[in-house]
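Working through the structure, step by step
Chain by chain, the residues:
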Amino acid sequence: MKPSVQAQSDTAQSGFLAWRQHHQSVAIESLVRLAKHPLSSFVTMLVLAIAITLPSSLNLVVRNLSHLLGPESSTLQMSLYLSANVTASEAQQLASQLQGWPEINQAVYVSPSEAKQMFEQREGFEGLIDSLPTNPLPGLITLSVKSATLSAEQADNIERKAIQLNGVASVKMDLQWFQKISAIVVLLNQLATGLAILLATGVMLVVGNTIKLAIDSRREEIIVIKLIGATNAFIRRPFLYLGLWLGLGAALLAVLLSKISEYALTYAVSSLIDAYGANVTLLTLGLNDGLLLLAGGASLGLAGAWLAANHHIRSLEPQ
């Protein structure tokens, strides 16, 4: 019994070693085949890289738009203008009350004198209020509303609740701007998703066509190998690695193209931001994004190769 178990274990181990060795050899062989035709391999990878870069770049643009303007990272501003008879202590108490609302990030009281100073800091308005008999600016409370999951109906509810508070004369909130930006971000997200699906299909088709041509060029070899008992899985393996290398190489080129586009865009946008004196940090392609592109490109190449090789190798049978 024991020798039989030992023999089975040795057989399984040797079978695994042979399987691993074959994978290593066909992986290297597939890479060498690509290297033998550098120009055609590069052109194929470049076409695939462009298809991978387009949705990833659009996704980066959408993320930056959301970061700069959209509701997922910004806050919706609301201004509560107070009645003239509201004292500073009452206004501070009201601000503390508003701070406790679950929808509010921050509530800050701005006194009439502070509002005057802020107004006079604007170019062309220096000394304007001093020429008036009294300060016409009311006290106000500025609210930063949590807008990451805020709908238009919820924003209306906050506005209605705020206007009913004692001492609040009027409420101003730029809800239309918020709704427009939200709609634009959602539209661009959907566009990026649709483009990613479309171009991912295109990548798989290009890889599949390349694998079909490779199978056609080795048609006689495949038929001979089948005659001596090779399985479809055994024959398919080199073509799977060929698709894997194509997808991985294309993804590496896509990362390079994305970084080049990113630097060009960052330079142009930074000039615009500096012109307006804004302090904004743009999102860039990070390590996780790069690894995701590599994994996605390799997976698409492998999937396209498997579909094409599985179909065409089955159709090649010895006569």
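Everything that follows concerns the structure shown earlier in this document.
Attention in this report is confined to the structure presented alongside it. (Residues numbered from 1 in each chain as written. Predicted model: local features only at pLDDT ≥ 70, side-chain atom pairs only at ≥ 80, totals over all residues. Heavy atoms only, no water.)

**Concerning the overall build of the protein chain**
As a reminder, the rule being used: Secondary structure counts use DSSP, requiring at least four H or I residues in a row for a helix and at least two E residues in a row for a strand, with both numbered from the N terminus. Partly exposed residues are those whose accessible area sits between 20% and 50% of the maximum for their type, while under 20% is buried and over 50% is exposed, using a 1.4 Å probe and protein chains only. Here, two residues are considered to be in contact whenever any of their heavy atoms come within 4.5 Å of each other.
When helices and strands are tallied, the protein chain shows nine helices and four strands. Ordering the α and β elements of the protein chain from the N terminus gives α-α-β-α-β-α-β-α-β-α-α-α-α. By the burial criterion, 34% of the 319 residues in the protein chain qualify as buried. By sequence separation, contacts in the protein chain at least 24 residues apart represent 81% of the contacts at least 6 residues apart.

**Considering the pattern of salt bridges**
This is how the line gets drawn: Between Lys or Arg on one side and Asp or Glu on the other, a salt bridge is scored when a side-chain nitrogen of the former is within 4 Å of a carboxyl oxygen of the latter.
One pass over the structure, following the stated rule, counts five salt bridges. Ionic pairing is found between E29 and R218, a salt bridge with its closest N-O pair at 3.9 Å. Placement of the pair is E29 in helix α1 (residues 2-36) and R218 in the loop between α6 (175-217) and α7 (219-227), with a sequence separation of 189 residues. Overall, R218 belongs to the buried group, its relative accessible area being 13%. E262 serves as the salt-bridge partner of K259, at 3.1 Å between the closest nitrogen and oxygen. Remark: E262 and K259 occur in helix α8 (residues 232-276); sequence separation between them is three residues, near one turn of the helix.

**Regarding the packing of aromatic side chains**
Put simply, the rule reads: Pairing of aromatic rings covers Phe, Tyr and Trp, the last through its six-membered ring, and needs centres within 6.5 Å; plane angles under 30 degrees mean stacked, over 60 mean edge-to-face, and all others mean tilted. Counted as over-ring charges are cases with an Arg CZ or a Lys NZ within 6 Å of the ring centre that also lie within 35 degrees of the ring normal.
Tallied over the full model, the rule gives zero aromatic pairs. The side chain of K161 reaches across the aromatic face of W101, ending 4.3 Å from its centre.

**Quick word on the environment of K212**
Tracing the sequence through the fold places K212 in helix α6. Note on K212: relative accessible area 31%, which makes it partly exposed. Taking the C-alpha atoms as reference points, K212 and A309, 97 residues apart in sequence, are found 6.9 Å from one another.

**Here we look at the nonpolar core**
Which entries qualify depends on this criterion: By nonpolar core is meant a set of buried Ala, Val, Leu, Ile, Met, Phe, Trp, Tyr and Cys residues that side-chain atoms within 4.5 Å join together.
Core analysis: the biggest nonpolar cluster contains 29 residues, and I211, I215 and F239 have the highest contact counts within it. For this core, the elements supplying multiple residues, two or more each, are α2 (38-68), α6, α8 and α9 (287-315). The biggest single contributor to this core is α8, with eight residues. Apart from the residues within four sequence positions on either side, I211 is in contact with F239, L242, G243, A305, A308 and A309. Core analysis: the next-biggest nonpolar cluster, separate from the first, contains 23 residues, L82, A95, A107 and A162 among them.

**With respect to the side chain of S30**
Tracing the chain through its elements places S30 in helix α1. Given a relative accessible area of 3%, S30 falls into the buried group. Contacts of S30, omitting those with residues within four sequence positions, involve P238, Y241, L242 and W245.

**Quick notes on α9**
In plain terms, the rule: By this rule, a helix spans an expected 1.5 Å times one less than how many residues it contains.
The first and last C-alpha atoms of α9 sit 42 Å apart over 29 residues, in line with the 42 Å expected at 1.5 Å per residue. Taken as a whole, α9 has its buried residues at G290, L293, G297, A298, G301, G304, A305, A308, A309, N310, H312 and I313.

**Overview of a nonpolar patch on the surface**
Note the threshold: To count toward a patch, a residue needs a relative accessible area over 30% and no salt bridge; like charges are then connected within 9 Å, while nonpolar side chains (Val, Leu, Ile, Met, Phe, Trp, Tyr) are connected within 5 Å. Note that accessible areas follow from Shrake-Rupley with a 1.4 Å probe, and for residues the cover is restricted to the protein chains shown.
Where nonpolar side chains cluster on the molecular surface, the patch consists of L39, F42, V43, L46, V47, I50, L54 and V206 and spans about 680 Å² of accessible area. With seven residues, the single largest contributor to the nonpolar patch is α2. With respect to the helices and strands, the residue L39 is situated in helix α2.

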